[in-house]
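Coordinate analysis (summary)
Given next are the chains, with one letter for each unit.
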Amino acid sequence: MLDFSADDLANLFTHDAVYEFPFLAPQRSADHLDGREAIRADFSRVWGSLPAPPVTGFRDVRIYDTTDPDTVIAELEFDVVDHLSGTRFTSRSVLILRSQDGDIHHLRDYSDVLRVSKGLGRLPQLFDSLSRT
């Protein structure tokens, strides 16, 4: 995420992984991505449309134990900058990851889409996306 490498990110996933976005974001074309190559393509498209990485750091990362050793729940804050306006803000996310043979097999990303859309000046796109669904 900090290196802005869709290839490095996608390579963390199994070939048949699922990446879900329960909260619809304006830059996403779907609420889930099926397979490593779809993850690679989507993040390449989204990140390729930006002048520089908007996420500048992570903090207050908390990992919660579960009864399933292949499931991890993480709660975190991340710092963001809108390179066009210079606006800086902090957002939050909860991630639920399930692994298979050491790679991510399923990831559910509960990022605060409203806060990120507002901070990046994308509220109109978010509302437009919501009105079409």
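The notes below deal with the structure included here.

Reading the values: the criteria
- Residues numbered from 1 in each chain as written.
- Predicted model: local features only at pLDDT ≥ 70, side-chain atom pairs only at ≥ 80, totals over all residues.
- Heavy atoms only, no water.
- Helix = DSSP H or I, 4+ residues; strand = E, 2+ residues; numbered from the N terminus.
- Core = buried A, V, L, I, M, F, W, Y, C linked by side-chain atoms within 4.5 Å.
- Buried < 20%, exposed > 50% of the residue type's maximum accessible area, 1.4 Å probe, protein only.
- Contact = heavy atoms within 4.5 Å.

**Some words on unusual backbone geometry**
One non-glycine residue, Phe 4, lies in positive phi territory at about 65°. Tracing the backbone shows Phe 4 in the segment before α1 (6-10). Positive phi outside glycine occurs at Asp 60, with the angle close to 50°. Here Asp 60 shows up in strand β3 (residues 55-64).

**Re the nonpolar core**
In this structure, Phe 13, Tyr 19, Ile 39, Phe 43, Trp 47 and Leu 107 are the most contacted members of the largest nonpolar core, which totals 24 residues. Sort the elements by how many residues they give to this core and helix α2 (residues 36-48) lands first, with four residues. Setting aside its immediate chain neighbours within four residues, Ile 39 contacts Ala 10, Phe 13, Ala 17, Tyr 19 and Leu 33.

These values are about where atoms sit, not about what they do.
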